[in-house]
Amino acid sequence: MSRVIVVTSGKGGVGKTTSSAAIGMGLAQAGHPTVIIDFDIGLRNLDLVMGCERRVVYDFVNVINGEANLNQALIKDKRCDNLYVLPASQTRDKDALSREGVAEVLAQLKTRFDFILCDSPAGIEHGAMMALYFADEAIVATNPEISSVRDSDRILGMLQSRSRRAEQALEPVKEHLLLCRYNPGRVDSGEMLSLKDVEEILAIPLLGVIPESPAVLKASNAGTPVILDTESDAGQAYQDTVARLLGEARPLRFTQAPKGWLKRLFGG
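Structure report, in brief. (Residues numbered from 1 in each chain as written. Predicted model: local features only at pLDDT ≥ 70, side-chain atom pairs only at ≥ 80, totals over all residues. Heavy atoms only, no water.)

A look at the sheet that holds strand β3 (residues 75-76)
Within the open sheet, the eight strands sit side by side as β3-β4-β2-β5-β1-β6-β7-β8. Their pairing is mixed. Each edge of the open sheet is held by one strand with a lone partner, namely β3 and β8 (206-211). Relative to β8, strand β7 (residues 174-182) is paired through four bridges, and the arrangement is parallel. Bridging from a neighbouring strand, Leu179 pairs with Val209 of β8. Against the sheet, helix α1 (residues 16-29) makes contact with β1 (3-8), β2 (34-38), β4 (83-86), β5 (115-119), β6 (137-142) and β7, and its axis sits at roughly 170° relative to β5, the strand it touches most. (Pairing = 2+ DSSP bridges. Helix = DSSP H or I, 4+ residues; strand = E, 2+ residues; numbered from the N terminus. Contact = heavy atoms within 4.5 Å. Axes fitted to C-alpha atoms, helices over the stretch in contact; angles between N-to-C directions.)

A few points about helix α10 (residues 195-202)
All of the buried residues along α10 are Leu195, Val198 and Leu202. Buried residues in α10, looked at end-on, bunch into an arc of 65°, giving them a common side. In this structure, α10 carries Lys196 and Glu200 as exposed residues pointing more than 90 degrees from its buried face. Buried-residue contacts for α10 involve β6, α7 (146-162), β7 and β8. Positive backbone phi, at 55°, marks Ala203, one or two positions downstream of α10. (Buried < 20%, exposed > 50% of the residue type's maximum accessible area, 1.4 Å probe, protein only. Arc of directions from axis to C-beta.)

Considerations on the side chain of Arg244
Examined against the element boundaries, Arg244 turns out to sit in helix α12 (residues 233-245). Put simply, Arg244 is tucked away with no salt bridge, and the nearest opposite charge, on Asp240, sits 4.3 Å away. Residue contacts for Arg244: discarding those within four places in its chain leaves Leu207, Gly208, Arg250, Pro251 and Leu252. (Lys, Arg positive; Asp, Glu negative; His and termini not counted. Salt bridge = Lys/Arg side-chain N within 4 Å of Asp/Glu carboxyl O.)

Quick word on the nonpolar core
Among the nonpolar cores identified, the biggest contains 50 residues, and Phe39, Phe60, Leu97, Val102, Leu109, Ile116 and Leu159 are the most heavily contacted of them. Aside from chain neighbours lying at most four places away, what touches Phe60 is Ile37, Asp38, Phe39, Leu86, Pro87, Leu97, Val102 and Val105. Listed in part, the 37 residues of the second largest apolar core include Val7, Met50, Leu83 and Ala141. (Core = buried A, V, L, I, M, F, W, Y, C linked by side-chain atoms within 4.5 Å.)

What to know about α7
Between its first and last C-alpha atoms α7 spans 24 Å; for 17 residues at 1.5 Å apiece the expected length is 24 Å, and the two agree. All buried positions along α7 are accounted for by Ser148, Val149, Ser152, Ile155, Leu156, Met158 and Leu159. Mapping the buried residues of α7 onto a view down its axis gives an arc of 160°, with all of them on the same face. Exposed and oriented more than 90 degrees from the buried face of α7 are Ile146, Arg150 and Gln160. Looking at the buried side of α7, the elements it contacts are β1, α6 (126-133), β6, α8 (164-167), β7 and α10. (Expected span 1.5 Å × (residues − 1).)

Notes on the pattern of salt bridges
Going through the model one piece at a time under the given rule, you end up with 15 salt bridges. Here Arg44 makes a salt bridge to Asp47, at a shortest N to O gap of 3.4 Å. Asp47 shares its class with Arg44; the two are buried. Of the charged contacts, one joins Glu248 and Arg250 as a salt bridge, the two residues approaching to 2.9 Å between their closest N and O atoms.

Right, dumping it as C-alpha cells:
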C-alpha cells in the first residue's frame, strides 16, 4: 500500500526541498519505488536540487489539465531506477491545483509507487494546503529557532483540522519531526533552541536531526541529494532518518558538541 507523505513547514528556507530529495533518494535506494512531487507552483526548486531541471518538458499542472499524461511528465532519476520526480510549473498560479485534479494524479501514482513524497511550499496558502490535504503522514521540518518552531506548530494544527483524514474523521495523519540545521555548539552557547526544547514545544515523534553542514549547500548546488554524500554528517543523518521512516531503530547522532581535544580538532 502506498504511503503519501507531505514534507511541510510553516516557515520558508528550513530545508523541506533538501529533505524531500534526500529522503526520496534514500527510500528509492532501499528498493522502494518512490516519486517526489513538487507542489511549489510558480517557484519550483526540486528539479534543481535533483539535477534534472533541463529535462523538464511537462509538469504537474499539465497533467491535471490534460495537456500531457503522467508518464510524459514523470522524470526518471539518472542515479536510481526506483526514483522519479514530478516537477511543478513555473508559469502557472498556485490556484491551478484543483482538489479533483490532484486526487486523480495521486490515484494514478499509487498504482506504481510505494512512497509518494509531496514537497510542500512554506506557509498555509493554497499550494501548501493542497499538499497536506491528501497526506497519510507528515514530516514537519523545522529549524531550532522560535519563529520556525512556532510556525511548525501552526502547521500541526492544520494537519489535525484541514487534512482529508480530519475532514472524513479517519485515523489522524501520522506526524514526524525533522529538526534541520542543528548545531549543538550554538545550542550550548544559547544561540539556538535545544532538541529537548523543540520536542517539548511540538510534542510529536522525532524522526531525525540533520546537522548544520556545508555539505548541504554543496550538494544542492551540484544538483545531487545530500544523502549520496555518505562521508558527510548531513548525508549520514539523512540515512538514519530514512532507516527510521522504514521502521528501523537507530540512535541519534550529531546532537552533542565535540568535547575536549575533539573540540580543538574540529575548530571549537
